[in-house]
Amino acid sequence: MNNIRLLAGVALLALITASCGVTKKTGTSQDKTTTPTPVVSQQNHPKVSSEALAGEWTVYTVGGNKVTGEKRPYLNFNMEDHRLYGSNGCNIINGNFELSGNSKLKIGDMISTMMACADAPYEQAINLALDATQSFDITKKGHEYYLELRDNHGNNLMTLRKHNMDFLNGTWEVSEINGVKYDNPDMQMVIDIQEQKLHGNTGCNIVNGSLLIDPDKSNSIQFQNLATTRMACPTEIMKGETALLVALESVEYAKKGKTGTVVMLDKNNAPVLVLKKVDVERQ
């Protein structure tokens, strides 16, 4: 009889312990879902239609923590076949997504490569956020779009940012360098944001390079790996070429100027270049 009572007591104690464990786990989970806060106030910035979901987004926050580091996680939404692909900071991920109503979003059938990374602090949080996503909102702030993924209670799971620097796409004439006006129609450049490339003419030589958009800076644009041909030209034209190349290497930001122009600025927000859009008929 004593053995039976002892076994019953042990079973009761185990049941109480298990119940406490479940309660504690549930409470912890609830705390985690309510901690994250939206990066962009929906009241202060206009909402954007779901069409803006298309394209590549950089993960800005996940689980309430700001994402940093050189190898930045990203997601790319393909609206034609409703496919999602990207990187969680370590592995390449792919899946499907479904849209319904004005803001419903369901992500599923996710698959991933199986690399083991020594430093991938956001991988698990991103995977869990994608799995729990039930809705979204897109807002615009300046040239940038912010995408908030939310759970079924409306809590923010992850915020992503997309730099809207497409206004730089196209062919441009250099009309001003460091406050000095230029009127050389041969001094042109073609900027391709999607391909992240620069191709142009310094007024004397062909120039090629790559673009970098810093995900931590607004209106960011940098020109890198600039290379030119080696043709010799008259002194004044060569001076303009040198001034242009030095200015390009100092560019950190870009913004729209007067109609048909953009202004490029250095790290101190001082204008170093003014570009004028070339009409299609003239190209």
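In the block above lies the structure referred to throughout.
Residues numbered from 1 in each chain as written. Predicted model: local features only at pLDDT ≥ 70, side-chain atom pairs only at ≥ 80, totals over all residues. Heavy atoms only, no water.

*Asks:* Looking at this structure, how should I read the overall build of the chain?
*Replies:* Looking only at helices and strands, the chain has three helices and 18 strands in total. Expressed as a percentage of the 283 residues in the chain, the buried residues total 38%. Intrachain contacts of the chain at a sequence separation of at least 6 include 47% that bridge at least 24 residues. When the accessible surface of the chain is split by element, carbon and sulfur atoms take 52% of a total near 16,600 Å². (Helix = DSSP H or I, 4+ residues; strand = E, 2+ residues; numbered from the N terminus. Buried < 20%, exposed > 50% of the residue type's maximum accessible area, 1.4 Å probe, protein only. Contact = heavy atoms within 4.5 Å. Areas by Shrake-Rupley, 256 points an atom, 1.4 Å probe, with all protein chains shown as cover.)

*Asks:* Explain the layout of surface pockets here, please?
*Replies:* To find leftover empty space, a probe the size of one water molecule is rolled over the atoms. Size it by volume and the largest pocket reaches roughly 740 Å³. What lines the largest pocket is a set of 24 residues, and nearest its centre among them are Glu56, Thr58, His163, Gln196 and Ile213. Of all the secondary structure elements, the ones that give two or more residues to the lining of the largest pocket are strand 1 (55-62), strand 3 (74-78), strand 9 (156-163) and strand 14 (206-212). Among the elements that take part in the lining of the largest pocket, strand 1 stands out by supplying four residues, more than any other. The residue makeup of the lining of the largest pocket, split by class, is ten nonpolar, eight polar and six charged. (1 Å grid on protein atoms, 1.4 Å probe; cavity = no way out; pocket = protein on both sides within 12 Å on 5 of 7 lines; lining within 4 Å. Points joined across faces, edges and corners; volume = space filled by probe spheres on them. Nonpolar A, V, L, I, M, F, W, Y, C, P; charged D, E, K, R; others polar.)

*Asks:* Which parts of the structure should I look at to understand helix 2 (residues 123-132)?
*Replies:* Three or four residues apart is the spacing at which side chains of an α-helix point the same way, because the helix has 3.6 residues per turn. Within the sequence span of helix 2, burial applies to Glu123, Ile126, Ala129 and Leu130. Buried residues along helix 2 cover an arc of 130 degrees about the axis, so they all sit on one side. Residues Gln124, Leu128 and Asp131 are exposed on helix 2 and point more than 90 degrees away from its buried face. (Arc of directions from axis to C-beta.)

*Asks:* I'm lost on the environment of Tyr182 in this one. Help?
*Replies:* Summarising the element assignment, Tyr182 is placed in the loop between strand 11 (180-181) and strand 12 (187-192). Take Tyr182: its relative accessible area is 24%, and that puts it in the partly exposed class. With 58 residues separating them in the primary sequence, Tyr182 and Gly240 have C-alpha atoms 8.3 Å apart. Residues within four places of Tyr182 in sequence aside, it is in contact with Val174, Ser175, Glu176, Ile177, Met187, Gly240 and Ala243.

*Asks:* What is the right way to look at the state of the cysteines in this model?
*Replies:* Each disulfide is one covalent bond, formed between the sulfur atoms of two cysteines. The full count for this structure, using the stated rule, is two disulfides. Across the disulfide from Cys204 sits Cys233; the S-S distance is 1.8 Å. Sign of the S-S torsion, about 85 degrees for the bond between Cys204 and Cys233, identifies this disulfide as right-handed. Within this pair, whereas Cys204 is found in the loop between strand 13 (197-202) and strand 14, its partner Cys233 is found in the loop between strand 15 (222-228) and helix 3 (235-250), the two being separated by 29 residues in sequence. With its bonded cysteines labelled in order along the sequence, the chain shows the pairing 1-2, 3-4. (Disulfide = S-S within 2.5 Å.)

*Asks:* Just to check I follow, could you spell out the pattern of salt bridges for this structure?
*Replies:* Where side chains of opposite charge bring their charged atoms close, a pairing between them can arise. Applying the stated rule across the entire model yields seven salt bridges. Between Arg161 and Glu144 there is a salt bridge, with the nearest N and O atoms lying 3.8 Å from each other. Placement of Arg161 in strand 9 and of Glu144 in strand 8 (residues 144-150) is noted, with a sequence separation of 17 residues between them. With a closest N to O distance of 2.8 Å, Glu148 and Arg150 form a salt bridge. Just as Glu148 is buried, Arg150 falls in that class too. Connected through salt bridges with shared partners, the residues Asp137, Glu148 and Arg150 form a single ionic network. (Salt bridge = Lys/Arg side-chain N within 4 Å of Asp/Glu carboxyl O.)

*Asks:* Is there a simple way to explain the packing of aromatic side chains in this structure?
*Replies:* Two measures describe an aromatic ring pair: the distance that separates the ring centres and the angle between the ring planes. Following the criterion strictly, the structure yields two aromatic pairs and no others. When the centroid spacing of 5.9 Å and the interplanar angle of 70 degrees are considered together, the rings of Tyr60 and Tyr146 count as edge-to-face. Remark: Tyr146 occurs in strand 8 and Tyr60 occurs in strand 1; sequence separation between them is 86 residues. When the ring of Phe77 is compared with that of Phe97, the centres are 5.2 Å apart and the planes differ by 80 degrees; the resulting orientation is edge-to-face. One end of the pair, Phe77, is in strand 3; the other, Phe97, is in strand 5 (residues 92-100), with 20 residues separating them in the sequence. Across the pair, exposure class does not vary: Phe77 and Phe97 are buried alike. (Phe/Tyr/Trp six-rings, centres within 6.5 Å; stacked < 30°, edge-to-face > 60°.)

*Asks:* How do you make sense of unusual backbone geometry when you look at a structure like this?
*Replies:* Glycine aside, a negative phi is what most residues show, and trans is what most peptide bonds show. A positive phi angle, near 55 degrees, is found at Gln196, a position not held by glycine. When you line up the elements, Gln196 lands in the loop between strand 12 and strand 13. Phi angles above zero are rare outside glycine, and Asn225 is one such case at about 50 degrees.

*Asks:* I would appreciate a short explanation of the pairing of strand 16 (residues 253-256) in the present structure.
*Replies:* Looking along a regular strand, one sees the side chains alternate between the two faces of the sheet. In this structure, strand 16 lies alongside strand 17 (residues 261-265), joined through four bridges in antiparallel fashion. Bridged to Tyr253 within strand 17 is Leu265. (Pairing = 2+ DSSP bridges.)

So yeah, pure geometry; function would need other evidence.
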